[in-house]
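Letter by letter, the chains look like this.
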Amino acid sequence: MSRKDIERAAARSPGTDRVDRVGLVGAGVVVAVEALWLLVGLPAGALVSDLGALAVAGWAAVACAAAARRHPARVRRFWLLLAVTMALALAGRALWTIERLLGNSLPHTLPTGLIFAASLVTGTAALFLSVTAPRTTVGRARTLLDGVIVGLALVPIGWLLIFRNVSLADLDEPLRTAGLLYPTFDLMQLTILVAVMVPKRPVWLPMALLGASLTVRAVADAIYVAQVAAGTYQTGTPIDVLWPLSYLLIVVATRMPAPRDHGVTEDATEKPLPPWWRVVLPYLPVGGAIVATMLARDVDGHTPMPIFLSMMALLAVLALRQGLAANENLRLVVRLRKLAYADQLTGLPNRLAFTRKLRIALRGTDRVAVLLLDLDGFKQVNDRFGHTTGDTLLSGLSRRMRRAVGDDGMIARIGGDEFAVLVTGGRPLAPERLAERLLAALQPSPGEELVGVHPSASIGIAEYGPQHISHTDLLRDADIAMYAAKAAGKSAYRRCTQGLRESAVSRAELIADLRRAVDEQQLHLEFQPIVDLATGTVRSAEALVRWRHPALGMLSPARFLPLAEETGLIVSIDRWVIHEACRAAATWQDRVPAVTVAVNIAASHLRRPDLIATVTEAIAAAGLAPRALTLELTESALIEGSDVVLDRLRQLRELGFRIAIDDFGTGYSSLSYLHRIPATELKIDRSFVGRIPEDTRAYATVEMVTRLAGAFDLGVVAEGVETERQHEAVAAIGCLQGQGYRYGRPASLAELRTVLADTRPPDVPGVAESGLTLT
Ligand code: C2E
Ligand code: MG
Ligand code: MG
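Residues numbered from 1 in each chain as written. Chains lettered and ligands numbered in written order. Predicted model: local features only at pLDDT ≥ 70, side-chain atom pairs only at ≥ 80, totals over all residues. Heavy atoms only, no water.

**Quick look at the overall build of the chain**
Argument step 1. In terms of regular secondary structure, the chain is built from 32 helices and 14 strands.
Argument step 2. Of all intrachain contacts in the chain linking residues separated by at least 6 positions in sequence, the fraction that spans at least 24 positions is 72%.
Argument step 3. Summed over all atoms, the accessible surface of the chain reaches about 37,400 Å², with 60% contributed by carbon and sulfur. (Helix = DSSP H or I, 4+ residues; strand = E, 2+ residues; numbered from the N terminus. Contact = heavy atoms within 4.5 Å. Areas by Shrake-Rupley, 256 points an atom, 1.4 Å probe, with all protein chains shown as cover.)

**Comments concerning the pairing of strand β9 (residues 596–601)**
Argument step 1. In terms of burial, β9 is a largely internal element, 5 of the 6 residues being buried.
Argument step 2. Two strands pair when backbone bridges link them, and β9 and strand β10 (residues 629–634) are joined in this way by 5 bridges, in the parallel orientation. Residue pairing in the sheet places V597 in a bridge with L629 of β10. (Buried < 20%, exposed > 50% of the residue type's maximum accessible area, 1.4 Å probe, protein only. Pairing = 2+ DSSP bridges.)

**Describing the pattern of salt bridges**
Pairing between side chains of opposite charge can happen when the charged atoms of each approach one another.
Argument step 1. For the structure shown, the criterion picks out 34 salt bridges.
Argument step 2. For the salt bridge of K683 with E632, the shortest nitrogen-to-oxygen distance reads 2.4 Å. Separated by 51 residues along the polypeptide, K683 in strand β12 (residues 681–684) and E632 in strand β10 bring together distant segments of the chain. For the pair K683 and E632, a shared accessibility class is recorded, and that class is buried.
Argument step 3. Connected via shared salt-bridge partners are R367, E432, E463 and R495. (Salt bridge = Lys/Arg side-chain N within 4 Å of Asp/Glu carboxyl O.)

**With respect to unusual backbone geometry**
Argument step 1. A cis amide bond links I692 to the next residue, P693, at an omega of 0 degrees.
Argument step 2. Relative to the helices and strands, P693 is located in the loop between α28 (686–689) and α29 (696–711).
Argument step 3. With a phi angle near 55 degrees, Q521 is a residue other than glycine that sits in the positive phi range.
Argument step 4. Here Q521 shows up in the loop between α20 (507–519) and β6 (523–532).
Argument step 5. With phi around 65 degrees, D713 is a residue other than glycine that occupies positive phi space.
Argument step 6. Within the secondary structure, D713 is located in the loop between α29 and β13 (715–718).
Argument step 7. Exposure remark for D713: the relative accessible area of 45% places this residue in the partly exposed category.

**Side note on the site of ligand 1**
Argument step 1. Taken together, the neighbourhood of ligand 1 is formed by 23 residues, with N600, D662, R686, E722 and Y741 sitting nearest.
Argument step 2. D663 places a polar side-chain atom, nitrogen or oxygen, 3.1 Å from an oxygen atom of ligand 1.
Argument step 3. Protein coverage of the free-state accessible area of ligand 1, which is 800 Å², stands at 83%.
Argument step 4. Within the residue set of the shell around ligand 1, elements represented by two or more residues are β7 (538–549), α21 (557–567), α22 (569–588) and β11 (658–664).
Argument step 5. Looking at which element gives the most residues to the shell around ligand 1, the answer is β7, with 4 residues.
Argument step 6. When its residues are assigned to classes, the shell around ligand 1 shows 10 nonpolar, 4 polar and 9 charged. (Near = heavy atom within 4 Å. Polar contact = N/O pair within 3.5 Å; in protein donor to acceptor, adjacent residues only side chain to side chain. Nonpolar A, V, L, I, M, F, W, Y, C, P; charged D, E, K, R; others polar.)

**Topic: the coordination of the magnesium ion (ligand 3)**
Between any two of four tetrahedral donors, the ideal angle at the metal is 109.5 degrees; between two of six octahedral donors, it is 90 or 180 degrees.
Argument step 1. Summarising the metal site, the magnesium ion (ligand 3) is bound by the protein donors D662 (OD), D663 (OD), E719 (OE) and E719 (OE), whose distances to it range over 2.1 to 2.4 Å.
Argument step 2. A gap of 4.1 Å separates the magnesium ion (ligand 3) and the magnesium ion (ligand 2), which D662 links by coordinating each metal.
Argument step 3. You can call D662 buried: its relative accessible area is 5%.
Argument step 4. Taking the relative accessible area as the measure of exposure, D663 reaches 25% and is therefore partly exposed. (Donors = N, O, S within 2.8 Å, 3.2 Å for Na, K, Ca; no water.)

**Overview of the packing of aromatic side chains**
Argument step 1. For the structure shown, the criterion picks out 7 aromatic pairs.
Argument step 2. A centroid spacing of 6.0 Å and a plane angle of 85 degrees characterise the contact between F116 and Y182, whose relative ring orientation is edge-to-face. With F116 in helix α5 (residues 110–128) and Y182 in helix α8 (residues 182–197), this residue pair connects regions lying 66 residues apart in the sequence.
Argument step 3. A relative accessible area of 17% places F116 in the buried class.
Argument step 4. Under the relative-accessibility criterion, Y182 is labelled buried at 12%.
Argument step 5. Here the aromatic rings of W547 and F560 are separated by 5.6 Å at their centres, their planes lie at 75 degrees, and the arrangement is edge-to-face. Placement of the pair is W547 in strand β7 and F560 in helix α21, with a sequence separation of 13 residues. (Phe/Tyr/Trp six-rings, centres within 6.5 Å; stacked < 30°, edge-to-face > 60°.)

**Looking at the coordination of the magnesium ion (ligand 2)**
Argument step 1. The protein atoms that coordinate the magnesium ion (ligand 2) are E542 (OE), N600 (OD1), E632 (OE) and D662 (OD), at distances of 2.0 to 2.2 Å.
Argument step 2. Here the donor residues of the magnesium ion (ligand 2) are spaced in sequence according to E-x57-N-x31-E-x29-D.

**Details of helix α30 (residues 724–733)**
Argument step 1. Among the residues making up α30, those that are buried are Q726, H727, A729, V730 and I733. Looking straight down α30, one finds that the buried residues subtend no more than 165 degrees of arc, so they occupy a single side.
Argument step 2. Buried residues along α30 sit against α28, α29 and β13.
Argument step 3. Once α30 finishes, G734 follows within two positions and takes phi at roughly 110 degrees, a positive value. (Arc of directions from axis to C-beta.)

**With respect to empty space enclosed by the protein**
Argument step 1. Applying the stated rule across the entire model yields 6 cavities of 30 Å³ or more.
Argument step 2. Here the largest cavity is characterised by a volume of approximately 320 Å³.
Argument step 3. Considering the residues around the largest cavity, the lining is formed by 17 residues, among which F116, Y182, D221, W243 and Y247 are closest to the centre.
Argument step 4. At the level of elements, α4 (73–101), α5, α8, α9 (205–230) and α10 (242–254) are the ones that each hand at least two residues to the lining of the largest cavity.
Argument step 5. In terms of residue count, α4 provides more of the lining of the largest cavity than any other element does, 5 residues in total.
Argument step 6. Grouping the constituent residues of the lining of the largest cavity by class yields 10 nonpolar, 3 polar and 4 charged.
Argument step 7. When its volume is computed, the second largest cavity comes out at roughly 140 Å³.
Argument step 8. When residues of the lining of the second largest cavity are traced back to their parent elements, those giving at least two are α4, α5, α9 and α10. (1 Å grid on protein atoms, 1.4 Å probe; cavity = no way out; pocket = protein on both sides within 12 Å on 5 of 7 lines; lining within 4 Å. Points joined across faces, edges and corners; volume = space filled by probe spheres on them.)

**Focus on the side chain of D417**
Argument step 1. If you trace the backbone, D417 turns up in the loop between β2 (410–413) and β3 (418–423).
Argument step 2. Within the buried set, D417 has no salt-bridge partner at all; the shortest N-O distance to an opposite charge, 6.4 Å, is to K486.
Argument step 3. Excluding anything up to four places from it in sequence, D417 contacts L373, D374, L375 and F378. (Lys, Arg positive; Asp, Glu negative; His and termini not counted.)

Next comes the structure, spelled out in structure tokens:
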């Protein structure tokens, strides 16, 4: 509703409007005249005061009733209750006037007391019906209790200020004492009003005026009580004008426009939190009350009975209020938890709940399977029939799926039309069976087929045994499989395979991923032992790089090194490998002082002048000697190399680094060229080693290369030794060292350490030190 609408709704016929305005002015004049009359002290002040109060209270009741008729339904009951309140004030004052005219000097009798008490009830109720009042029962109770707390806390304070020197015996009539509670109730109402009004902005003007009216009345009541206690009260003094003034403020309030409709946006989640002082407010007077109670004790240390009673009541109300708050907090926590972990529409666990469960499951030792289900064609349903139909369909389908899954898994709604099922524990049920059950459950029943709004589903399955995998990897695998299922046609399921995984990642994506791999620490090293064939000792290992791709899992160098070479990323990869390998070797030194680690250097890296800086930095950082690092270069890389490259190799050699020619025998290097390369060892390619001893030509080649190496004063490593026979053959030929699955597969750093330890020669003097010094 716009402001204009409100004004139009609030518009009234010119006639009634005039009456209203005249009424307001009239009431104002009455108050002004009464004030003057009483101030100047003209005769019959008491009567004037009574008549003035009756006139304004009466008009206020009429004006409130008129406002109730005029205003929108939201505030109608608020005005009606205020009208009743004013009518009660009128009645009470009328009774009072009659009593007074009958000669009662303090006409506060039981009936007037009851009528005023009733007006307090209706006035308080009106506050709770204002637009800004709390909507919930708990909220209302809390606000009411806050008011009661402040009101009760005022009793000891008021007592201390007003009644300290009045003995109870002087207050002959208990009703008078009851009348003295008015300021207490005023303050209670005022507290409630502030609590109700202030947290909402903009403040609705009539509420502010009501607050002003209450304040005026509180002041009047306080003075009245003080005077009655002191025995000085008389009707017809200037303070009498305060009551009609408080009614006049309500008449003014009725002239204000109706509050703006905040409509549907007025929702609990958007409600601002109350300011801190609003929370503390009710407790401030409690402190005052405690101090007042202590001060009010008489000489014997007794606490006056009214104070004692009010303090006990205060304690009880405080306890109630705390209990309410604690209970509310608990319920809020429960609700929040439900909100956080449940899907609002279907009531199923949501994505958050699902991933939480999945992560917990992955920490265990059981197999974990995830089924990812996407409804095909659900979007069309939404588009054609609207979201309400879509929602109904969705909750219906989710019920059927939940039934289909039963106790065999946990189904969650993890997206608009995406569901996931988690299967854990040592269940015999294959995820495929569950997928079939889900698809069957989604088959339209005969009636539904006619309507034609029935989507089918595609299901992707990913399953892992007890091994390290992140929940994101598992979900991604399920996602890949789900798309494969979609591609296969509707109502299908697929299980994720390595092939699917790889086809899901394009070459361009792989290059992009590789760029991040070094920074995001996805690379990792494995070490393969190199064995001294004579002693069986392991004093060297080759570092081999692996890539733990976020989507494809562990990739071998063959999968990504060609890409790395093409893009130049190989240099940063090699650098990382060199540093890591040196760091690793440094940790082996305590077991094998003469340890060496071999790293592979790409051809393009060899062509870069900064290679020397890289390797010297790496050994320095690890605290190794240069001879602890072997650089493996392929034969082909060396053949391509220019004189500059040869020069660089010579420098490396002079610095003390070891240089191995890797995959020797595959690159057709001429013997003369070999002579120029400052190598320290040859690694005979595994294509030869793998064929011995049966293949005589291969055998001859290995034999020849070994002899050749001896002639050039080079060490020899036989690569790819897999079998016992191959081992015996290369040992018989006279190879110094061997590398291959026969001795150990590439393994983690920790595993290599155990090999290094176990094979430490018992007591061969000099061996540990001489080690791999082949030159
Ligand atoms: P390479 O330098 O000849 O490394 C030996 C390869 O043979 C390794 O393969 C190793 O796992 C494998 N191997 C070892 N023993 C046996 C065996 O008994 N039988 C068989 N069939 N294979 C065996 P991997 O780790 O796949 O590495 C392949 C190639 O990738 C390496 O060949 C090397 O040229 C390159 N490479 C590996 N790591 C790096 C690196 O950090 N930087 C560079 N530039 N290249 C690397
Ligand atoms: Mg190598
Ligand atoms: Mg090799």
